[in-house]
Amino acid sequence: MVETKAPLGNRVQQLVLRLHSQCIGLQLKEVTLRSYITLLLRHLLVLVKSSSVPQRRKRRAQILLSSIILSSLTVLSGVSYGGYQIIIKVLSMYRYSHDRRKIPPLRRTRSQTQLATGARIMYISEKSSLDSNELDKDHRRKKILIPPKDDDVYEHDKFLFKNVELERGKNSQLFYSKFLNQMNVLFRILIPTLWHKNSILLTLQIGFLVMRTWLSLFVAKLDGQIVKDIIAGRGKRFLLDLAIWFLIAIPASYTNSAIKLLQRKLSLNFRVNLTRYIHDIYLDKKLSFYKLMFDTKASSSVIKNIDNSISNDITRFCDATCSVFANIAKPVIDLIFFSVYLRDNLGSFGVAGIFFNYFVTGYILRRYTPPLGKLASASSAADGDYYSYHLNLINNNEEVAFYQGTPVERIKVKELYETLMERMLNVSKRKFCYNILQDYILKYTWSGLGYVFASIPIVLTTISSGVNAEQTNMRDFIVNKRLMLSLADAGSRLMHSIKDISQLTGYTNRIFSLLAALHRVHSNKFNYGAVASVSNKQLITNELAVKKTDDTLKIGKYQSQKEDIIRGTVQRNFNGIRLENIDVIIPSNQAGDGIKLIRKLTFQIPTFVDPISSKAESMLDIKEMNDTTFPFFQGPGSSLLILGPNSCGKTSIQRIIAEIWPIYNKNGLLSIPAEDNLFCVPQKPYFTRGGTLRDQIIYPMSSDEFYDRGIKDAQLVQIMAEVHLDYLLKRGTGFSYLDNVADWKDVLSGGEKQRMNFARILFHKPRFVVLDEATNAISADMEDHLFNILKKYRFNFITISQRPALIEYHDLLLEILEEGGSWRLQTLGTDEAITSIDNEIDSLEKKLANVSQWELEREKLKTVLSVV
Ligand SMILES: Nc1ncnc2c1ncn2[C@@H]1O[C@H](COP(=O)(O)OP(=O)(O)OP(=O)(O)O)[C@@H](O)[C@H]1O
């Protein structure tokens, strides 16, 4: 008889039906897909809850149910995220086309807005400059909210940093670790509050790590089960387990990717927090970026190459922190889970053996770990040196080219490069032997021992029962082996993280030093790197006596003594500039005992200041500002010329007025106008990089503020004409040259740069101006014109120069004399001044009268020498 074979579809259907009835006892007949899912879930729930069902079937139902739930959750979250993205995209496309119909595209878009709370909204272009569609680029802007700076946080943190730096907790804490203390302080910046999004991300990451471990455990068991199914030839069970395998693969792969994404996101968020924190403290009114050069640690590579520290070290620190966290948290969770499970399989003795092995090998590895933290720090410092030398070369390329300095520069660059290579290679060399030891122990010894431990229970049961249950043994062995390998992997990752921690210590130390230095400099009591000075010897001797009795008191006293070194007084909002009894001293670690350039300097402009008017002076109102046809200020403007030989301390007077140098002597008093009313022009003109010509004229005003105040380009054109720079504007049509972006430092000539400074003065209209050698590259007639402008608009100005020719533009003359920091102040135009200048002319004429006599003497000497 010929047996007719059922069609393939029917056979598959039969198989599926039998699979359900035999494996989970579900009888399926004529069901639709929708009813099938409800039926299956309900049946599985009944099986899980019921107590009369055989244990094996119940267990199987549990596994199946959890894999279905997990996979559905994964798919659901993926689908909802995708849906959300599509909706956002459609909405933005709709809004874009809608807006375009209504509003014509604007040429200029604001880059930021300041809110009433002090927060700032920035609009950052999301597209790269490579994208061709300009219009599209304008519309694709990401809005970023930057919270306002909270000064209280910085004040509070200042003490935390100081305490850790001085290691104040060393005596009071039982267990003291510099690294952990540093990390503790830094973590307050990385995760400021418990409900900060970073702590949520961290919790999520831990959640995913736990899930991953649970899934690995699950997969290990399933693996063993599948092998058992194959060996026993149970086809249906095998198919069911395989289905579970594919189901569980969905959340498993999702979890792995989620962990990686969360780690990266967390690292970037940490970086954002740290960088914003540093920006706020580095670039504010206290001018930390300038004062850093006077800090006690100014010569350390962290501060010397602060650009590298802020950009690269922070990235490395954040990456290292997140990877160390993942590298520690992951294996620790694995170790806990796996060891609990393995304890059931291998017994306490087995697990104890495994952990003993871990501790011994961990100790060996720890002992032979090279000082990777220090090595990483040294390599990072060399990296910074090399980078900043190149930067310096770019900034001064023209000067180097004129000097023909290429060979010297090449040697220096090569030297720095070789140092960098040497240090990088040193890290790899030191890692080489360690890696050999690590691989031998972690990869091979641990797996070898893993086989031993996994086989012990099987051997023992076989010997005791005398029966070799191959299938069960095989399953147990596979599960145990897989777990052992995972455990070994977890352990090895934990051991690897010893190396990572060591590296992280180096980065943490660098970032901590950077922030500690910034806090020191940012403090109101910054002491400009002063250390206990000679004049304070007495104090120190007293302190040494105190030291024996009370150490804490000593530190406090020592600190306050260091901080009270700057004793001068500054009075602000004064309607003039006045220096009284000020010793001009170069800031150094010797503080008040440092090099004294000028002694007890005293002068004031204007010579008479109405005390009542000193409080209410502020910027002119906008209407007045835009009107350049009238003198800006009431009353006559006053002016002072500071003359003196090179390096006598003229610029240093400007530094004191700008408050970037301290006043050390107690009776020194500096009175200065409000910030808006003082404008200091430095000797070396400064131009912002990558800015427009407009940005250069209005500096230090931002272009956003320029437009916000409703100032027009026409005013700039008028100012440029006043300083005879309007020919520059003719290089473009209309006012378009104002929008020209260039490297203005290189484009403008020396004289143009100095005239640009005068344009800035005319634009900002400060009541008081300090000019340092501001016209030494300008022709005499142009110089005359510029000083006349200052007089015409009645500015009060102080000019620092070496040229007595400028006397005619000033009311007062301050001469710094060569001998011992003395000076002479005189009113120009008065009888006294005229006589003093006449006296000087007389003495020069007397000297000139001797010239013919000296020439005769020279001739005589020459003839004598030729005879000899
Ligand atoms: N940051 C600093 N660290 C150490 N010494 C400094 C620092 N700044 C200036 N000096 C020194 O202070 C002295 C006075 O400098 P300053 O710039 O005031 O001179 P100057 O009178 O303006 O000279 P010049 O006419 O050449 O510009 C110089 O000897 C200079 O080397």
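Residues numbered from 1 in each chain as written. Predicted model: local features only at pLDDT ≥ 70, side-chain atom pairs only at ≥ 80, totals over all residues. Heavy atoms only, no water.

The name an unreviewed UniProt entry gives the protein chain is ABC transporter domain-containing protein, with Naumovozyma castellii as the organism.

S.K.: I'd like to hear about the packing of helix α5 (residues 151-165) against helix α8 (residues 235-282), residue by residue, with values.
M.R.: One way to put it is that α5 packs onto α8 with a least axis distance of 13 Å and a crossing angle of 100°. With respect to each other, α5 and α8 are oriented roughly perpendicular. Along its contact with α5, which presents Y154, D157 and F161, the element α8 presents R276, Y277, D280 and I281. Across the contact of α5 with α8, the residue classes tally to four nonpolar, no polar and three charged. (Axes fitted to C-alpha atoms, helices over the stretch in contact; angles between N-to-C directions. Helix = DSSP H or I, 4+ residues; strand = E, 2+ residues; numbered from the N terminus. Parallel < 35°, antiparallel > 145°, perpendicular 65-115°, else oblique. Contact = heavy atoms within 4.5 Å. Nonpolar A, V, L, I, M, F, W, Y, C, P; charged D, E, K, R; others polar.)

S.K.: Explain the site of the ligand to me, and be specific about the residues and the numbers.
M.R.: Looking at the ligand, there are 14 residues lining it, with N646, K650, T651, S652 and Q802 nearest. At a separation of 3.1 Å, an oxygen atom of the ligand approaches a polar side-chain atom of Q683. At 2.8 Å, a side-chain N or O of Q802 approaches an oxygen atom of the ligand. In isolation the ligand has 640 Å² of accessible area, and contact with the protein removes 67% of it. In terms of residue count, helix α19 (residues 650-657) provides more of the shell around the ligand than any other element does, four residues in total. Residue composition of the shell around the ligand, grouped by class: five nonpolar, seven polar and two charged. (Near = heavy atom within 4 Å. Polar contact = N/O pair within 3.5 Å; in protein donor to acceptor, adjacent residues only side chain to side chain. Areas by Shrake-Rupley, 256 points an atom, 1.4 Å probe, with all protein chains shown as cover.)

S.K.: Please set out the pairing of strand β5 (residues 577-585) residue by residue, giving values where relevant.
M.R.: Sheet topology note: the β5/strand β6 (residues 596-605) ladder contains six bridges and is antiparallel. Paired with I585 across the strands is K596, a residue of β6. Sheet analysis places β5 next to strand β8 (residues 669-671), joined by three bridges and oriented antiparallel. The partner of E580 across the bridge, within β8, is L669. (Pairing = 2+ DSSP bridges.)

S.K.: I'd love a proper account of the packing of aromatic side chains, names of residues and values included.
M.R.: Tallying each qualifying case throughout the model produces 18 aromatic pairs. An angle of 10° between the planes, with centres 4.9 Å apart, marks the rings of F787 and Y809 as stacked. Within this pair, whereas F787 is found in helix α26 (residues 780-792), its partner Y809 is found in the loop between β11 (796-801) and β12 (812-816), the two being separated by 22 residues in sequence. Taken together through their ring pairs, the aromatic side chains of Y290, F294, F526, Y528 and W661 make up a single cluster. Its guanidinium or amino end placed over the ring of Y154, K149 lies 5.5 Å from that ring's centre, counting from NZ or CZ. Residue placement shows R760 over the ring face of F687; its charged tip is 5.0 Å from the ring centre. (Phe/Tyr/Trp six-rings, centres within 6.5 Å; stacked < 30°, edge-to-face > 60°. Lys NZ or Arg CZ within 6 Å of the ring centre and 35° of its normal.)

S.K.: Explain the pairing of β12 to me, using residue names and the numbers behind them.
M.R.: Within a regular strand, side chains alternate between the sheet's two faces. The buried count for β12 comes to five of five residues, which makes it a mostly enclosed element. Of the two faces of β12, the one holding L812, L814 and I816 and the one holding L813 and E815 are both buried throughout. Here strand β7 (residues 639-643) pairs with β12 via four bridges, running parallel. Counterpart to L640 in the pairing with β12 is L812. (Buried < 20%, exposed > 50% of the residue type's maximum accessible area, 1.4 Å probe, protein only.)

S.K.: Account for the sheet that holds strand β9 (residues 678-681), naming residues and giving values.
M.R.: Spatial ordering of the open sheet is given by β9-β10-β11-β7-β12-β13, a layout of six strands whose pairing is mixed. The two strands at the open ends of the sheet, each matched to only one other strand, are β9 and β13 (823-827). Within this sheet the neighbouring strands show an average axis-to-axis angle of 15°, counted without direction. Sheet topology places β9 next to strand β10 (residues 768-772); four bridges connect them, and they run parallel. Counterpart to C680 in the pairing with β10 is V770. Across the sheet, α19 lies against β7, β9, β10, β11 and β12, angled at about 145° from β11, the strand it touches most. Contacting β9 and β10, helix α25 (residues 750-764) crosses the sheet at an angle of about 175° to β9.

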